[in-house]
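Okay, here's what each chain looks like letter by letter:
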Amino acid sequence: MSTFTLYMQYIVNGITLGAIYSLIALGYTMVYGILKFINFAHGDVLMVGAFVGLLVYEALAGAAEPGMWTIFCFFIAMLASMAFCAVLGMFIERVAYKPLRNANRLAPLLSAIGVSFILSNGAAWIFGTTSRRFPYPFENDPIHIGGVTITPHQILVIIVSVAMMVLLAFFVNKTRMGKAMRATSLDQPTSMLMGINVDRVISLTFAIGSALAAVGGMLAAFDFRVYPSMGTMTGLKAFVAAVIGGIGNIQGAMIGGVLLGILEAVGAPLLHIPNGMRDTVAFAVLIIILLVKPDGILGKNEREKV
Amino acid sequence: MRILETQNLTREFGGVIAVNDVSFKVEEGLVTGLIGPNGAGKTTLFNQITGMDKPTSGKVIFDGKDITGLPAWKISRLGIARTFQNIRLYRELTAVENVMLGLHFKVGSDPFRHRFLQSLRSYVFASGENKELYGKAMEWLGFFDIADSAQELARNLPYGTQRELEIARALSAEPKLLFLDEPAAGMNPAETAHLMSVIDKIRSLGVTVVLIEHDMKLVMNICDQITVLNFGMKIAEGTPNAIKTNRDVIEAYLGREEDF
């Protein structure tokens, strides 16, 4: 295999991985855009999404042979998992963050870390700590294009991610509620005076972010398996992706995720980083971004007034 | 007709009583002034009425309905708009976009009011009505003679224009009642004169106006009714002429004669 096709292969793998980061990064960035706070429990919502998806899928598909039926089951499981996580996200916001909205900025952050522990330990208590495999709903025979192989799983990841992002862009830019969301992210008290129900906008933001995390969790589960602490590293990397793109910026999260995925997939072999150290790439990128352009690629260079 | 009334409204912050048992009345169609020395509780009273804060006790009655403690967005949809002492615009949006946002949640916000399907569509999708909103927003800017600045970012506008833009945005939602918190603060005499003509125009639209103001010339010229607060309590109310000669008011502003 020539070096060129080898790197093409890395890029394809990177884009798939990055698409998952993007989906998860959107949740961080949307919440930050509106509340100016990092929801550190977001990674664990992704884990819950993967578990719910897996349970529903296993209940529906059972031991059925991969085929149209199992693919159908997979999408039903995805919808169920999205709905569950949306409700979970709204519930977390209502219970753990809303009472702290006027508190010191550190308070909701600590509350988020607490929620994160409750979710991951709760899952360990209920499901045990052994990791489970998420079965492919289809035959995962790779397709060869030139020297590059693409698996149906990768195609699924890309199609689902793109569809989700298009839907989200449509919602935010074209609907009334999306407009309310954008207004709220610009200025909360003023938006309230414009007749916007800010509480509902915030609730909805958590619902959408968590539903996207559920999708991300299920897509990630094929590669990473399902276990109670799976959200920690994936969530952190998605957070890095959000910062790279410019936290608070929706397009930024999409771009940042894919970019991070590619950097990770290409950077590790390029710099001869051993497999166990691959995660360092993402965090090295985070440090560089914070040093060079702390507002991220699409972030506005806006100094906060004191 | 009485459009707004507070009944024994009280707001305590810890041990400080910022608004103390105030019964404040606003008659429909008039311009009512709310004056008093600094720290008298004027803005706090505004905040209680517009839902920015909840009163400790007492009631707010608007248009015959008890609106005490409702969230700000509900009160704004009921038809009370306000501006702030420190200007609150969407700084990163243009002037016309600011007014469009003010209009947005008024137009088509009730899917059952007009032709159902069309309204439902506008309830969900924002894009279809943007043109209509833009036209209306431009009309409002024209009403304040600031249509030239429509495409400027709000934060780049001169101070006086920012204040008028904030009023334009508040008014664009077609409120029944408009609260202005120190609209002339920081304005030069020419801008103040323009503001006075604008308030006159607002009155002629049939909108009831309540304003907090320190510029006595403006208050005495434009208000039909004046209420005076001092240390959180109402000390006088009446026509400008009655207020000018009221002993309590003069004392509150200048101190007792014996003190000199």
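Residues numbered from 1 in each chain as written. Chains lettered and ligands numbered in written order. Predicted model: local features only at pLDDT ≥ 70, side-chain atom pairs only at ≥ 80, totals over all residues.

A. Molecular detail of the overall build of chain B. Scanning chain B from N- to C-terminus turns up 10 helices and 11 strands. Counting all 260 residues of chain B, 42% fall into the buried class. Restricting the contact set of chain B to residue pairs at least 6 apart, pairs at least 24 apart contribute 67%. (Helix = DSSP H or I, 4+ residues; strand = E, 2+ residues; numbered from the N terminus. Buried ≥ 20, exposed ≤ 12 C-beta atoms within 10 Å, placed from the backbone. Contact = placed C-beta atoms within 7 Å.)

B. Structural view of the overall build of chain A. Across its full length, chain A holds 11 helices and two strands. Along the chain direction, N to C, the helices and strands of chain A fall in the order α-α-α-α-β-β-α-α-α-α-α-α-α. The C-alpha atoms of chain A give 19 Å as radius of gyration, which agrees with the globular expectation for 306 residues (19 Å, within 12%). For chain A, the C-alpha atoms occupy an extent of roughly 60 × 45 × 40 Å along the three principal directions. Residues classed as buried in chain A amount to 48% of the 306 residues present. (Rg over C-alpha atoms; globule rule 2.2 N^0.38 Å.)

C. Just the sheet that holds strand β11 (residues 233-238) of chain B, in detail. Residue and element names in this part refer to chain B. Here six strands make up an open sheet; going across it, the order is β7-β8-β9-β4-β10-β11 and the pairing mixed. Of all the strands in the sheet, the pair left with one neighbour each is β7 (80-82) and β11. Each strand axis lies, on average, 20 degrees off the axis of its neighbour in the sheet, ignoring direction. Relative to strand β9 (residues 208-212), strand β8 (residues 177-181) runs parallel, the two sharing five bridges. From the neighbouring strand, Phe 179 faces β9, where its bridge partner is Val 210. Running over the sheet, helix α10 (residues 247-254) touches β10 (225-230) and β11 and is turned about 130 degrees from β11. (Pairing = 2+ DSSP bridges. Axes fitted to C-alpha atoms, helices over the stretch in contact; angles between N-to-C directions.)

D. Layout of unusual backbone geometry. Although it is not a glycine, A:Lys36 sits at a positive phi angle of roughly 55 degrees. For A:Lys36, the location among the structural elements is in the loop between α1 (3-35) and α2 (42-61). Positive phi values are uncommon outside glycine, yet B:Asp63 reaches one of about 55 degrees. As for its position among the elements, B:Asp63 is in the loop between β5 (57-62) and β6 (65-66).

E. Local environment of the domain arrangement of chain B. Residues and elements named next belong to chain B. As far as domains go, chain B holds domain 1 (1-79 + 175-260) and domain 2 (88-173). Taken residue by residue, the interface counts 11 residues in domain 1 and 10 residues in domain 2. Here the side of domain 1 that touches domain 2 takes four residues from helix α7 (residues 189-204), the largest share from any one element. Of the residues in the side of domain 1 that touches domain 2, the class split is eight nonpolar, one polar and two charged. (Domains from an automatic or database assignment. Nonpolar A, V, L, I, M, F, W, Y, C, P; charged D, E, K, R; others polar.)

F. View of the packing of α1(A) against helix α10 (residues 250-270) of chain A. Residue and element names in this part refer to chain A. Following both chains from N to C, one finds α1 and α10 inclined at 145 degrees, their axes separated by 6 Å at the closest point. Along this stretch, α1 crosses α10, giving a crossing that reads as right-handed. Looking at the contact of α1 with α10, its residues break down into 20 nonpolar, nine polar and one charged. (Left-handed = near helix turned anticlockwise from the far one by under 90°.)

G. Focus on α1(A). For α1(A), which comprises 33 residues, the first-to-last C-alpha distance of 46 Å matches the rise-based estimate of 48 Å (1.5 Å per residue) to within 8%. Once α1(A) ends, the next one or two residues include A:Lys36, with phi positive near 55 degrees. (Expected span 1.5 Å × (residues − 1).)

H. Region of interest: the packing of α1(A) against helix α5 (residues 152-174) of chain A. Residue and element names in this part refer to chain A. Closest axis-to-axis distance for the α1/α5 pair is 9 Å, and the angle between their directions is 35 degrees. α1 and α5 meet at a crossing whose hand is left-handed. Residue-level contacts link Val 12, Ile 15, Thr 16, Ala 19, Ile 20, Ser 22, Leu 23 and Leu 26 of α1 to Gln 154, Val 157, Ile 158, Ser 161, Met 164, Met 165 and Leu 168 of α5. For the contact of α1 with α5, the per-class residue count stands at 11 nonpolar, four polar and no charged.

I. Up close: the pairing of strand β2 (residues 16-22) of chain B. All names here are of chain B. Bridging between strand β1 (residues 2-13) and β2 involves four bridges; their strand directions are antiparallel. Paired with Arg 11 across the two strands is Val 19, which belongs to β2. In this antiparallel pair of consecutive strands, β1 and β2, the connection spans two residues, and Gly 14 shows a positive phi of 60 degrees.

J. The arrangement of the nonpolar core in detail. Core analysis: the biggest nonpolar cluster contains 160 residues, and A:Ala50, A:Cys85, A:Val215 and B:Leu178 have the highest contact counts within it. The element that contributes the greatest number of residues to this core is helix α8 (residues 198-224) of chain A, accounting for 17 residues. (Core = buried A, V, L, I, M, F, W, Y, C linked by C-beta atoms within 7 Å.)

K. Region of interest: the confidence of the model for chain B. Residues and elements named next belong to chain B. Scored by pLDDT, chain B comes out at a mean of 83, with 88% of its residues at no less than 70. Counted against residues more than four places away or in other chains, residues 107-115, with its pLDDT under 50, gives 12 contacts. Scored by ipTM, the complex comes to 0.76, with pTM at 0.85. (pLDDT = per-residue confidence, 0-100.)

L. How the structure looks around helix α6 (residues 159-172) of chain B. Residues and elements named next belong to chain B. An ideal rise of 1.5 Å per residue puts 20 Å on 14 residues; α6 measures up with 20 Å between its terminal C-alpha atoms. The buried fraction of α6 amounts to 12 of the 14 residues, a majority that puts the element mostly inside the structure. Of the residues making up α6, those classed as buried are Thr 161, Gln 162, Arg 163, Glu 164, Leu 165, Glu 166, Ile 167, Ala 168, Arg 169, Ala 170, Leu 171 and Ser 172. Among the residues trailing α6, Glu 174 stands out with phi positive, at a value near 50 degrees.

M. The pairing of β5(B), seen in detail. Note: β1(B) against β5(B), five bridges, orientation antiparallel. Counterpart to B:Thr10 in the pairing with β5(B) is B:Ser57.

N. Fine view of the environment of B:Gly79. All names here are of chain B. Along the chain, the position of Gly 79 falls in the loop between α2 (72-78) and β7. Spatially, the C-alpha atoms of Gly 79 and Leu 178 are 8.4 Å apart, while their sequence positions differ by 99 residues. When sequence neighbours within four positions are dropped, the list of residues in contact with Gly 79 reads Pro 175, Lys 176 and Leu 177.

O. Looking closely at the environment of B:Thr50. Residues and elements named next belong to chain B. Relative to the elements of secondary structure, Thr 50 occurs in helix α1 (residues 42-50). In this structure Thr 50 comes out as buried when scored by C-beta crowding, with 22 C-beta atoms within 10 Å. Remark: the alpha-carbon pair of Thr 50 and Thr 94, spanning 44 residues in sequence, is separated by 26 Å. Here Thr 50 is in contact with Ala 72, Ile 75, Ile 80, Arg 82 and Phe 179, once residues within four sequence places are set aside.

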